[in-house]
Amino acid sequence: MPDPHSEVQAAVTLRVNGAEHTLSIDPRTTLLDLLRETLHLTGTKKGCDHGQCGACTIHVNGRRVNACLALAVAHDRDEIRTIEGLAEGDRLHPMQAAFLQKDAYQCGYCTAGQIMSAVALLDEPCGPEDADVRELMSGNICRCGAYANIVAAIQQVRGS
Amino acid sequence: MSATAEAPPMRIIGHPQPRIEGRLKVTGAAHYAADHHLPGMLYAVPVGATIAKGTIAAIDARVAEQMPGVRAVLRRGSFPALAAAKPDFASVADLEGTVYVDERRPPFDDDTVRYYGQYVALAVADTLEQAKAAADAVRVTYRAEAPEVDPALTAGEMTVKSERGDPDAAFAAAPVTVDQRYGMATETHNPIELHATIAAWEGDSLTVHEATQGVVNHRNVLAAMFGIPREKVQVISRYLGSGFGGKLFPWTHSPLAAAASRQLGRPVKLVLSRPMMFHAVGQRPAITQRIRLGAERDGRLTSLRHDYVNATSLLDDYEENCGEATPHMYATPNLRVASGLAKRSIGTPTSMRGPGAVPGLYALESAMDELAIALDMDPVALRLKNEPPLDQGLGLPFSSRHFQECLTLGAERFGWARRDRRIGSMARDGLTLGWGMAACSWLAERFPCSARVELRADGTARVAAAVQDIGTGTYTIMAQMVAEALAIPLSRVEVALGDTSLPAGPVSGGSMMSASLVAPIQAAITRAGEALVALAAGNPAAPFAGAKAGALRFAEGRVAAAEGNRQAVPFDQLLRALGQEAVSGLGRAEGTFPPKEKPTHSKHSFGAHFVEVTWQPELARLRVSRVVSVIDAGRILNPLAARNQIEGSIVMGVGMALFEETDYDPRSGAPVNASLADYVVATNADAPAMEVHFIEYPDTHLNALGARGVGEIGLAGTAAAIMNAVYHATGIRVRDLPVKLEQLLG
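Residues numbered from 1 in each chain as written. Chains lettered and ligands numbered in written order. Predicted model: local features only at pLDDT ≥ 70, side-chain atom pairs only at ≥ 80, totals over all residues. Heavy atoms only, no water.

Colleague: I keep staring at the domain arrangement of chain A and nothing clicks. Help me out?
Modeller: Quoted interface sizes are often the accessible area lost when the parts come together. Residue and element names in this part refer to chain A. Domain annotation of chain A identifies domain 1 (10-85) and domain 2 (94-159). For domain 1 versus domain 2, the separation of C-alpha centres amounts to 21 Å. At the interface, 14 residues of domain 1 touch 16 residues of domain 2. Interface area for domain 1 against domain 2, summed over the two sides, is near 1200 Å², with a carbon-plus-sulfur share of 54%. Summed over the three residues of domain 1 that lose the most area to domain 2, namely His59, Arg64 and Ile83, the buried surface amounts to 46% of that side. The tally of links from domain 1 across to domain 2 stands at one salt bridge. For Arg64, the salt bridge identified is with Glu124, shortest N-O distance 2.8 Å. Taken together, domain 1 and domain 2 are joined by eight residue pairs in polar contact (both at pLDDT 80 or more). (Domains from an automatic or database assignment. Contact = heavy atoms within 4.5 Å. Buried area = accessible area lost by both parts, 1.4 Å probe. Salt bridge = Lys/Arg side-chain N within 4 Å of Asp/Glu carboxyl O. Polar contact = N/O pair within 3.5 Å; in protein donor to acceptor, adjacent residues only side chain to side chain.)

Here it is, written out as structure tokens:
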């Protein structure tokens, strides 16, 4: 058992939204806490810290991942994209624009996770129906219950 | 542009408007409480009691205190005791002076543990990882006692809340009766945003970023607990990851974070974990209700009794006001509503979306369905039969009630006429269908509120109030009100809210925010217009040189001479001509809630839900497949956001009927399913197809725009409609929420 009094640090290099960060971190740090508390990329939210709500969904090497379940040290040299890296300058990603237009949120807290999940879904094998989208988006809880508009926003982007 | 040309018709209020803060939300740039970072900030993690009743024998923090980065392990005696804020619910009617908490005991006030998870210590460290590890390393020993966890709720005494006629005699004489009990499990709010506090002292001033639905009340409670003037406390909540009532009033983690910050001289960030969201931040308590209905054979109600008992904590008397809608919902000459409390070893309950009326209407509307069956009568027809001419509970006319239209329109849109009343008789694609319906109602009141509106020379306007946008769309509605009144595009209005440095506003609760904002914003615009007119009058630089103030009029953002045909001048043009940057006005309006004097009208919204469920007995698979809701909530200010509110409530109603239940271990008193994996809320795949209709009769008794509020009414009645549909599909009447599949397997 490690000595609880020792201060262990681990080196890690992460590429986040195209920028490289070489950091010395507490090996207990999750990707989520690293993004939020160290890099101050607070667009990614913590809702449960147990992979149960999806609020912290980000992309790691192009696939959606719950950042709260990922230890940062396990992602050395991985390509990470967060909500802050989705728009191109002032131009919103079509999914962001669709969420805005369809009112696919209320409080906005789960929204980053919903959008990152939805963008990843575009490259996943997903049937054409609303029910298919609902199933693949059910790892992202929206307690405000804006599900109908979330599905409408995703289907609009898929149809365009 | 010719000033004589007709201004284009403004399509702002009453038209769908995407949220003005939407861009910040979809880009991750909206900063919620826990997203703030302050220089030198420390991280705090609470240690919760692992017993539900007893006393703390010892707290051993020696290991924790020696761990890397740990600054302190605070406990009782570590800092000067906090004062108990003297909570007074009536004070929420006091705009600047509201002081209310549900859990009145300050944290660390004594060594007695009264519920599982009560904070007994607080680890503070340089990083979150260090603070978590330290909190885990704190060893607490207890003298445990047997907790009060009996799920059977009985009250020592019942308090009569509303009474008329002789309900007992009428019930005894009624040819058709229903007498049933309805139970509801504890529900936990579970907004996805965790409760969070960032507290920082500068000298004797405290700034707090808080996940709260009420910045002014939160400020006043903290000031009272720390014994400092309110002016020394600033509370900020610009974006809130929703609350559903759970963030209406302060909980003990907030003063703990502030006390730690004061003690250590550094900003402190405290974010609860998801399990802690089940402990010390409120819940809708377990409730048992008994409904007794007596009716004539033609369906006329002759007696209605509604008795309810809710669980509350050992120290606080939280009453779930289940009878709120009962006295006015239906006509009956004889009625009694009575309530009681059952003390349990649980955290103090609090308001959860539609407190009172939501559980109350679950029971009443289930019983009405049972009465319709006993009468062999259509449940829509039964409700139409019992339309009251006035609110018989208050003896007052309704400000605006169009419940019957909700019933008939809903029935038409749903296709209710095709319903075969026989149990399990309807099917589609091999699935048994169940069709059920229920009514809903929610109060319509206003809190006192103030607001400032500034008109600027660049053609923009700013509206500011210390209110909150909890996801309901307050930012956008404030902008709509100003844009429409000034006849400028929505994009030219800046909105500031969620900060106690702004003009005082009320809590975001009771679906009252929009209604509360109408009058103060209008008054603020009027005051700003008066200021502009005063500047313009007699100013030789102005287009109205020589005019007297009384001869000038301000309307729709323009100043015009009351007489003559001089052109009206837009405010920005006039300000530039005057060489002024801006003018502003402060508006204020009193509320109607809690009432200070007897009202002239009963003000409520109404509605009806029609629900289809599908049932596959071979798989024991129950789904809510389709919902049609018709809502009578006055004028709808932003149909896009309003529809979203009703749909979101229906989704929450699916959870209430089918999933949501906080389970307390009968031995330890711990909520054992304290996670989002084990406390199930509706996911995207659980959401039914929804059709929402608003019948818009502006209710100007409440405000000039005729809006009543839509945040909660959609949840009322939804679970009853679902369970009535479940009965229609299965023939099994489940009277305890949430329904469990084993109950349906008979």
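Colleague: What is the right way to look at the nonpolar core in this model?
Modeller: Nonpolar side chains tend to gather and get buried jointly when the protein is soluble and globular. By size, the foremost hydrophobic cluster in this structure holds 272 residues, and its most contacted members are Phe99 of chain A together with Leu293, Leu455, Ile521 and Ile722 of chain B. Per-element accounting of this core gives the leading share, 11 residues, to helix α8 (residues 357-375) of chain B. When residues no more than four places from it in sequence are discounted, the contact partners of Phe99 of chain A are Ala104, Tyr105, Thr111, Gln114, Ile115, Ala118, Ile150, Ala153 and Ile154 of chain A together with Val26 of chain B. Counting 19 residues, the second-largest nonpolar core is a separate cluster that includes Val12, Leu23, Cys56 and Ala70 of chain A. (Core = buried A, V, L, I, M, F, W, Y, C linked by side-chain atoms within 4.5 Å. Buried < 20%, exposed > 50% of the residue type's maximum accessible area, 1.4 Å probe, protein only. Helix = DSSP H or I, 4+ residues; strand = E, 2+ residues; numbered from the N terminus.)

Colleague: Whenever I open this one, the sheet that holds strand β12 (residues 268-271) of chain B confuses me. Can you help?
Modeller: Backbone-to-backbone hydrogen bonds pair the strands of a sheet. The strands run either parallel or antiparallel. All names here are of chain B. Here seven strands make up an open sheet; going across it, the order is β3-β5-β1-β12-β9-β10-β11 and the pairing mixed. With partners counted over all chains shown, the strands left at the sheet margins are β3 (70-74) and β11 (233-236), one partner each. Strand-to-strand twist of the sheet, defined as the mean angle between neighbouring strand axes without regard to direction, takes the value 20°. Looking at chain direction, β3 and strand β5 (residues 119-125) are connected through four bridges and run antiparallel. Residue pairing for β5: Ala72 is matched across the bridge by Val124. Along the sheet face, helix α5 (residues 215-226) touches β9 (196-202), β10 (205-210) and β11 and points at about 145° away from the line of β11. (Pairing = 2+ DSSP bridges. Axes fitted to C-alpha atoms, helices over the stretch in contact; angles between N-to-C directions.)

Colleague: So what exactly am I meant to see when it comes to the packing of aromatic side chains here?
Modeller: For any pair of aromatic rings, the description rests on two quantities: the centre-to-centre distance and the angle between the ring planes. All names here are of chain B. Scanning the entire structure with this criterion turns up 19 aromatic pairs over all chains. Residues Phe414 and Trp435 carry aromatic rings whose centres are separated by 4.7 Å and whose planes lie at 75° to one another, so their mutual orientation is edge-to-face. A residue pair is termed long-range when its members are at least 10 positions apart, and Phe414 in helix α10 (residues 403-414) and Trp435 in strand β17 (residues 431-443) qualify at 21 residues. Classification of Phe414 by relative accessible area gives buried; the value is 1%. Arranged with centres 6.0 Å apart and planes meeting at 35°, the rings of Phe414 and Phe610 form a pair that is tilted. Residue Phe414 is located in helix α10, and its partner Phe610 is located in strand β25 (residues 604-616); the two are separated by 196 residues in the primary sequence. Members of the aromatic cluster, connected to one another through ring pairs, are Phe89, Tyr100, Phe249, Phe447 and Phe593. The ring of Phe171 carries the charged tip of Arg305 above its face, separated from the ring centre by 4.8 Å. (Phe/Tyr/Trp six-rings, centres within 6.5 Å; stacked < 30°, edge-to-face > 60°. Lys NZ or Arg CZ within 6 Å of the ring centre and 35° of its normal.)

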